[in-house]
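# Architecture and fold: a report
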Amino acid sequence: MCTFRSPRLKRLALFLNAPWYRLPSTNLLLQRLCNTILKTVKRRLLLRVLAVPAFLLLFGAVIWLSLQSAFIVNRAATLAAPILGYRVRVEAISFSPDLHARITGLAITPLNDKGPSISCVHAEVKGTLRNVISAEVEKLVLTGPKFFFRLGATGNKSDLSALQNLPPVRLLLIEQGEADISYATTHVKLTNLRADVKNFSPQTGGSARFAAVVEVSSQGDQGPVGHGRCEGKVDATGPLNKPKAKGSVSLSVESASIGTTSVQNLSLSSVFDLDATRIVLEPATFNVGSLVMKGQGRTVNVEGYTLAARVSYELESTGIALDSVRGNVPGVGPFTAAFQGALKSDAPWKASLEAPSVNFTQFFSSVKPFLPEEYRAWSIQGAGALEMTGEGPFDGGWKADVKLTFREGGFKSGDESKAGQKITGSVILKLRSGPEGKKTRFDLALDASDGELLWGNYYKNFKDQQVRVASQGNYSPDEASYLDGSGTLDLFGTGQYSFSGTIGTDESVLKASGKNLAHNRLFSILLRDYLHVTYPLASSLEITGKTDFDIQARVKEGRTFLEGRLQVYETVLNLPGLFSVNGMTLSLPFDLVYPSAPAGAESREGGEAQLIIRKLQRGSILVEDLTIPFIVSRNSLRLLKAIDLKLYGGEFHLSRLEGQDLLSADRIFNLALSLNHIDLALLTEDVLGDRVTGTINADLPGVVFQSGGWRSTKGQLQAGIFGGVVEVHRLFGHDLFSESRKIGCDIFFRDIDLERVTRKITLGKMTGILKGSVANLVIEYGQPARFFLDVESDPTKKVSQTISVTAVENLSILGTGSSAVSSVLNSGFHKFFKEYPYSRIGILCTLENDTFSIRGKIHEEGKEYLVRRGWLRGIDVIIQNPDNSISFGDMEERIGRIFRAKKDSKKVS
Amino acid sequence: MKRLGRISFFCLVMLAACVTVNIYFPAADVQKAADKIVDDVTSPEPKAPPKPDSSGWLLKQFRVVRNLSFGPECAHAQVNVNVSTPAIRALKESMRNDFHQLRPYYEKTVVGENKNGFVEIKDSSGLDLREQAEVKRLVDQINKDRTSLYREIQTANNYPSEILPQIQKIFANSWREKSQAGWWIQNDDGQWIKK
């Protein structure tokens, strides 16, 4: 029985043992033939068996010899390049029989320039025969390798699919490596790269550890730059195209910048878990030592950002979720947040954030550089809480709710002239995006209460007072009118306010209205305390009644057009001891434009305004049922009907009142004023507390008010007083209601009965008729500042002209300051005369620059007389020292002496 | 030679054009006047108001036009600068009242005298808003009065308007000189120091 190793021989033997083969007739022949054949076959087989090892041995020898030659290896690599897709070059190579290869100057570059390229100074490959048979590498050591990658969406993106063709490597060591990763104009360079990869296989993964120094550079000024370190470890299972991996990565950046933003001491670390369906980073922590943003002269410096979160990304659904987000941002304080979203086309998302300890001071400091220049010096105080929720697709239909509550809130302007503090309140903002994201609807509710306000000199403590604003509108950034809205305002419960408007690139319109605004609340809440400090008298004003208003402001081409109506109902004003107004109503339609412009097509004649006062009382003045119709339109005011009043027993008539440029600082008012038969006694009693008999008539057809002052350009005021006539011309005044008020005029008088004058002013009895003038009279700060008095007796009237001793003494005091003449006149022969006749009186008094001088008008025989004696007897009052000038204070003192002396003498008698 | 002649002619024209106008400004007298006004304003004891008396009609009318506040008798300044007009008297009176209200804030180093003759708020952070409003009101009022005072001295003495900064400077010296130890003053270099 023979055995056959070769299957062919076995099949042949079986064939020969077939039944027909065993027949006696054919058996012998066939057996011989068969033996012959078998001998031939065995010889060939033997030859073949010997040839295969010999060939293999020869082939191995050739390969081994080839691997000793860089030239042959390079040639072979060139031939294999189209199959491999890579061009491989070595500078030197040695291959030992123990399958240990040493390569110098290894360079692997992709043929199509799309794959990563590697150059390596020195590489060692170790393997065993088993590794060769199983096509794997036992150990690969790359010393000084340089890897080049190009990333990004451009055509130069590296094709990493070739990595799947890599052979398994049991141990890959990379020492002193470098990696140059290019993305657009940015280069990330990893230097001092150390990595060890164990049991790597494109099919089963492997584990790796790596560490490197990171340098980021960019072309131009705006790209990212920075340097730091990265390290990590990865344990991967599964094929490269469906990776499963766990590991950790950390990146610490000493400094980095992108554009005008720079960070210091940034660190990012995370443990990650990657499988075929998702990536999970948990926990991912992110810390920023300091963040500096610069631009347009602004610098933002924020320190101490921290953020920790669990981040997961679903590969299939592109869903991204941030759970358990905890962070701390300066100003916002510690916060928690969550985010869920997907990177699909409609990009749905849902997010929430809660920050229970917002520090507005810090927060405002952070955002201050983004504010307009004039607000950067402001500061904000207070603490509060922030809650935000939002959801929806990014490209439209999203909604977000923001709630901010604050306490101890406040603000302060840079110059500290405006400030608020201790304000409590909340802001609720709801945003709803339109389906295409082109229009966003907002709903704003603001509530503020308590607090103190400083605005310039204005201060008010609004304790227990409340302001509420509710507003709704739309924001459409792509439309010409990009913002429209409306709302209501509750201002300390003073009435119902509402507003609406649209803001656009070419035109903006704002409307506001107020209904049932209670005067007493407006005054008591907003004004009384302020007036108590600044104008104490006015703080006792009692006011009732209500006001409505509607106003529309249209801003177009740099001008603001104001139209509306002010309606005041049944108002009572009462300032105890000064005046009271009852039943005042005002209906005031108006249309104005700022800055002022000539009336054009935009403006039209406004409606008629009307002021009605049922009763006005000031002292003895009583005005009843006064109706004043007028028009405020086109920046002008026009009185439609003259105002006639009964005043001090006479008539007051004001007409032709017109105001121009009402909104300009140069606004001007013209009017005509006339007074008829005003009873001077009533007037002086009311104003001065003393009655001076006479009447006043005035015809001032041209009175002009401008820049806080007024003047009469035409006409005169005439008073019948002391039996004569006093005419007042060129009246003017300035700042009449201020401390620095100034009034002035020229006065001419004639036929003044001196006896009646001296009876009134008790200067000392004098008789005669006077005429003269007070030119250029100016009274400032309530004191005479300047005048030129020219007074003389009028001899044409043929009346008695006498002067009493008292009057002489007083004139002496006024003129000289001395009462020495008194002893002369009250002694000797003179003491029998109490009055003397005179022929003339002529006096000039001037006050200029606070210097008062009195001079005589009568010059005879080299002397200057104030009073010239009569023909036969009398008394001369002579100015001995014409240069005598005294201060106004001295003159005041002399007048005081005259009247004190008189008073004392009365007491003695 | 012709060129030399032209140059000489040009130089002569330039010399002729360089006319210096000297305006006489009696700085010493103004300084005396300023010292006196500042003394009047800052003197710790306010002068007693005049006693009311019911004298004759003429005096009464004077008082009416003076808003019933005939001021204290003012001696004529012993200097050649007019510092006693109605406006200056009223301004002094107003400034005196405000200054004494502001004195506590000088002492708390809230306000100080700057180098231009005005009061300036230095640091109001220690005050509540009510006090800040009061300080602001007083400072505004005092500075408004001082502005009027300097202008009034200029116009009352017929000085040209260019002199106004010198008047302010002189008054600044007086205000700082009369400031008390520990109050803020700004030196001419712009630095604030405590006196």
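Cut-offs used in this document
- Residues numbered from 1 in each chain as written.
- Chains lettered and ligands numbered in written order.
- Predicted model: local features only at pLDDT ≥ 70, side-chain atom pairs only at ≥ 80, totals over all residues.
- Helix = DSSP H or I, 4+ residues; strand = E, 2+ residues; numbered from the N terminus.
- Buried ≥ 20, exposed ≤ 12 C-beta atoms within 10 Å, placed from the backbone.
- Pairing = 2+ DSSP bridges.
- Contact = placed C-beta atoms within 7 Å.
- Axes fitted to C-alpha atoms, helices over the stretch in contact; angles between N-to-C directions.
- Core = buried A, V, L, I, M, F, W, Y, C linked by C-beta atoms within 7 Å.
- Parallel < 35°, antiparallel > 145°, perpendicular 65-115°, else oblique.
- Left-handed = near helix turned anticlockwise from the far one by under 90°.
- Nonpolar A, V, L, I, M, F, W, Y, C, P; charged D, E, K, R; others polar.

### Comments concerning the overall build of chain A
Looking only at helices and strands, chain A has 11 helices and 48 strands in total. Residue burial in chain A is summarised as follows: out of 909 residues, 19% are buried.

### A closer look at the pairing of strand S15 (residues 333–342) of chain A
Residues and elements named next belong to chain A. Direction of pairing for strand S14 (residues 319–329) relative to S15: antiparallel, over a ladder of nine bridges. By the bridge assignment, Gly319 is partnered in S15 with Ala342. Hairpin connection of S14 to S15: three residues between the antiparallel strands, including Gly331 at a positive phi of 100°.

### Focus on the environment of Ser217 of chain A
All names here are of chain A. Of note, Ser217 is situated in strand S8 (residues 205–218). The class for Ser217 is partly exposed, based on 14 C-beta atoms found within 10 Å. Considering only alpha carbons, one finds Ser217 and His227, 10 residues apart in sequence, at a separation of 8.8 Å. Discounting residues that sit within four places of it in the chain, Ser217 has contacts with His187 and Val225.

### Quick notes on the sheet that holds strand S2 (residues 119–121) of chain B
Strand pairing within a sheet occurs via backbone hydrogen bonds; the two strands may be parallel or antiparallel. All names here are of chain B. Taken together, four strands build an open sheet; the order of strands is S2-S1-S3-S4 and the sheet is mixed. Both outer strands of the open sheet, S2 and strand S4 (192–194), are each paired with one neighbouring strand and no more. Pairwise comparison of adjacent strand axes, ignoring direction, gives a mean angle of 35° for this sheet. As paired elements, strand S3 (residues 184–186) and S4 share three bridges and run antiparallel to each other. Its bridge partner being in S4, Gln186 is matched across the sheet by Trp192. Across the sheet, helix H5 (residues 129–156) touches strand S1 (111–113) and S2, and the angle it forms with S2 is around 155°.

### Points about the nonpolar core
Ranked by internal contacts, the top residues of the largest apolar core, which has 93 residues, are Ile696, Ile803, Leu866 and Val867 of chain A together with Val111 of chain B. Take this core: its biggest share by element is nine residues, from helix H4 (residues 86–107) of chain B. With near-sequence residues (within four places) excluded, Leu866 of chain A lies in contact with Leu811, Gly815, Ile841, Gly842, Ile843, Gly856, Val877 and Ile879 of chain A. Ile103, Ile174, Ala179 and Ala208 of chain A belong to the second largest nonpolar core, which has 22 residues in total.

### Concerning the environment of Thr571 of chain A
All names here are of chain A. Considering the arrangement of structural elements, one finds Thr571 in strand S28 (residues 559–575). According to the C-beta neighbour criterion, Thr571 is partly exposed, with 18 such atoms within 10 Å. Here the alpha-carbon distance between Thr571 and Lys546, two residues 25 residues apart in the chain, equals 6.8 Å. Beyond its immediate chain neighbours, meaning those up to four positions away, Thr571 contacts His519, Ile543, Thr544, Gly545 and Met584.

### Re the packing of H4 of chain B against H5 of chain B
Residue and element names in this part refer to chain B. At their nearest, the axes of H4 and H5 sit 9 Å apart, and the two run at 150° to each other. Classified by the angle between their axes, H4 and H5 sit roughly antiparallel to one another. Of the two possible hands of crossing, H4 and H5 adopt the one that is left-handed. In contact with Ala87, Ile88, Leu91, Ser94, Met95, Asp98, Phe99, Gln101, Leu102 and Tyr105 of H4, H5 contributes Val135, Leu138, Gln141, Ile142, Asp145, Ser148, Leu149, Glu152 and Ile153. Here the residues of the contact of H4 with H5 sort into 12 nonpolar, four polar and three charged.

### Some words on the environment of Leu446 of chain A
Residue and element names in this part refer to chain A. Examined against the element boundaries, Leu446 turns out to sit in strand S20 (residues 440–449). The exposure class of Leu446 is partly exposed, given the 17 C-beta atoms found within 10 Å. Remark: the alpha-carbon pair of Leu446 and Val467, spanning 21 residues in sequence, is separated by 8.0 Å.

Honestly, that's just the spatial picture; any functional story needs more than this.
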